[in-house]
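Below, each chain spelled out in residue letters.
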Amino acid sequence: MLDLKIVRERTEEVKQGLRRRGIELDLSEFLALDEKRRVSQQDADELRRKRNTVSEQIGKLKKSGQPAEDLMTEMRSVGDSIAKLEAIIREAEESQRNLLLTIPNIPHGTVPEGKDETANVEIKRWSPQGTEPAKLSFEPKPHWDLAEYLDIIDFDRATKITGARFALYKGAGARLERALINFMLDLHTEEHGYLEVLPPFMVNRTSMTATGQLPKFEEELFKVENGTYFLIPTAEVPVTNIHQEEILGDEVLPVKYTAYTPCFRREAGSYGKDTRGLIRQHQFNKVELVKFARPEDSYRELETLLLDAENVLQRLQLPYRVITLCAGDMGFSAAKTYDIEVWLPAQNRYREISSCSNFEDFQARRGNIRYRPKGSKKTEFVHTLNGSGLAVGRTVVAILENYQQSDGTIMVPEALRPYMGGMERIVRRGGNP
RNA sequence: GGAGAGAUGGCCGAGCGGUUUAAGGCGGCGGUCUUGAAAACCGUUGAGCGCAAGCUCCGGGGGUUCGAAUCCCUCUCUCUCCGCCA
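Residues numbered from 1 in each chain as written. Chains lettered and ligands numbered in written order. Predicted model: local features only at pLDDT ≥ 70, side-chain atom pairs only at ≥ 80, totals over all residues. Heavy atoms only, no water.

If you tally the helices and strands in chain A, you get 12 helices and 17 strands. For the C-alpha atoms alone, the extent of chain A along its principal axes is close to 100 × 45 × 45 Å. Counting all 433 residues of chain A, 49% fall into the buried class. Within chain A, counting contacts between residues at least 6 apart in sequence, those at least 24 apart form 73% of the total. Accessible surface computed for chain A: about 21300 Å², of which carbon and sulfur atoms make up 48%. For chain A, the separation between the mean place of its 62 positive charges and that of its 66 negative charges on side chains is 2 Å. (Helix = DSSP H or I, 4+ residues; strand = E, 2+ residues; numbered from the N terminus. Buried < 20%, exposed > 50% of the residue type's maximum accessible area, 1.4 Å probe, protein only. Contact = heavy atoms within 4.5 Å. Areas by Shrake-Rupley, 256 points an atom, 1.4 Å probe, with all protein chains shown as cover. Lys, Arg positive; Asp, Glu negative; His and termini not counted. Charge placed at Lys NZ, Arg CZ, Asp CG, Glu CD.)

Next comes the structure, spelled out in structure tokens:
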């Protein structure tokens with residue numbers, strides 16, 4: 001949520017910032033409403049002040065046995081006036097808030113111009129050999145063919161059990177998914193200094209609103225029937241809301257959490273996209289990184305958050321590149337976003353495996369997450385950041401495709417072998433159903 | 001699911017219609033004392049809106065009243081007991 005005061009006092013800057021996202025916003029009605037609200041607030045305060053002093057007077061008169069009927073009658077009408085003003089204020093506040101909640105964040109100054117993904121800017125390439133991915137000596141197979149041959153992921157049965165866009169992992173496939181989760185969590189907690197948390201996988205409407213999924217993107221969420229809860233689309237939601245309505249001490253910042261959770265997404269409007277394989281599922285696992293930082297530190301924290309996520313791919317020796325999203329391609333709440341894209345040889349292209357963003361005070365204002373700067377009496381909103389570290393299902397895809405051998409078996413990345421019970425190679429499963 | 005109790009500042013806790021501008025304690029900060037620290041003592045210490053005067057906030061919302069932390073309704077959450085349950 002944008003700061004009301006900034007929208008009021010620096011309207012042109014706000015409109016200019018939103019224009020970079022390709023959004024043209026008419027704020028005149030909003031500002032008129034704001035003016036009306038503020039005038040009413042002033043009037044109401046003035047009347048309340050009068051009522052407070054006179055009521056005290058009435059109390060004293062009654063105590064000393066003197067009549068106070070005239071004053072009481074007068075105050076009754078003052079009370080009515082206050083009630084009318086309060087109704088106006090409440091209505092204005094509500095419609096102001098409702099509008100503010102639908103306005104996306106302003107892009108940071110360093111975010112490149114552009115209206116869609118074609119304007120994103122590549123800033124880095126990495127591979128075990130240097131920068132470019134190694135060429136396989138044979139025609140690479142797509143991960144779904146490999147998974148089917150090895151019998152480690154069963155898409156058909158998942159469809160039977162539930163429906164499209166679900167997966168049933170089996171044998172080494174299930175083990176690989178679990179190994180990756182543990183590997184990532186261990187890396188982030190033991191080497192990058194994050195505190196592991198395991199949050200609820202369902203959240204309420206307030207939490208979804210704080211991080212920005214609501215009110216605008218309800219159609220992308222799974223809602224639990226007979227209740228008011230939503231399945232989380234990312235651990236960002238429950239983890240960022242850990243400190244909702246809190247005032248953090250300066251000395252605890254930056255706070256760094258990592259969490260494994262499954263994520264649930266409707267993927268409405270993506271019919272026909274990535275229909276085969278693990279790339280786009282209604283349920284997938286992810287290890288998330290979340291930070292709460294001082295405003296002056298947040299962009300430095302974004303860089304280290306990105307490095308922490310990149311490190312997972314480096315340890316797994318998977319080629320990737322990093323891009324800066326342009327203003328028009330960023331998510332609703334973000335002020336700046338880097339995407340990490342992993343190399344998929346069968347698709348002959350890079351695909352998103354992590355998204356690392358600084359939300360500045362956008363989410364903190366919605367969730368009322370504050371801190372007290374050292375030596376200050378006033379509180380300020382913290383900056384929140386998060387990034388995938390990494391999307392687990394897509395990491396499985398990358399391992400299958402990059403580590404595939406000509407015979408269809410998969411070498412297990414060395415860093416992962418301790419988590420796979422020493423397994424060095426995934427071979428075709430036999431004997432079991 | 002049934003019955004009951006409760007929600008007050010960072011924490012504990014008093015208040016149950018009018019000097020509450022929310023007592024008191026703990027914790028925090030500053031000071032006195034001390035070689036230093038502890039103890040003791042003194043002072044200070046919630047959030048938000050407003051240029052200011054001032055106004056709002058005692059779980060959320062609504063009501064009664066000249067006046068509500070205090071009375072009423074409602075919702076949410078917590079706790080205790082019973083039932084059910086991995």
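With that settled, consider the protein's contact with RNA strand B. Lining the immediate surroundings of RNA strand B are 22 residues, of which Asp45, Ser55, Arg76, Arg372 and Thr379 lie closest. Within the side chain of arginine 48, an N or O atom sits 3.4 Å from a sugar or linking oxygen of RNA strand B. Here a base nitrogen of RNA strand B and a backbone polar atom of serine 55 are 2.7 Å apart. Breaking the surface near RNA strand B down by element, the ones donating at least two residues are α1 (4-9), α3 (28-63), α4 (69-100) and β13 (370-372). Broken down by element, the residue count for the surface near RNA strand B peaks at 11 residues, all from α3. The class makeup of the residues in the surface near RNA strand B is 3 nonpolar, 5 polar and 14 charged. (Near = heavy atom within 4 Å. Polar contact = N/O pair within 3.5 Å; in protein donor to acceptor, adjacent residues only side chain to side chain. Nonpolar A, V, L, I, M, F, W, Y, C, P; charged D, E, K, R; others polar.)

Next up on the list: the pattern of salt bridges. The final tally for this structure, using the stated rule, is 32 salt bridges. Note that glutamate 132 is salt-bridged to arginine 125, the shortest N-O span being 3.0 Å. By relative accessible area, glutamate 132 is classed as partly exposed at 43%. Glutamate 301 is paired through a salt bridge with lysine 291; the nearest N and O atoms lie 2.7 Å apart. Separated by 10 residues along the polypeptide, glutamate 301 in helix α10 (residues 298-315) and lysine 291 in strand β9 (residues 283-293) bring together distant segments of the chain. (Salt bridge = Lys/Arg side-chain N within 4 Å of Asp/Glu carboxyl O.)

With that out of the way, let us pick up the sheet that holds strand β7 (residues 247-249). Each strand in a sheet pairs with its neighbour through backbone hydrogen bonds, running either in the same direction (parallel) or in the opposite one (antiparallel). Judged by pairing direction, the sheet is mixed, and its 3 strands sit side by side in the order β7-β13-β14 without closing on themselves. Edge positions in the open sheet fall to β7 and β14 (380-381), since each of these has one partner strand only. Across 3 bridges, β7 lies against β13 in parallel orientation. Bridged to glycine 249 within β13 is arginine 372. (Pairing = 2+ DSSP bridges.)

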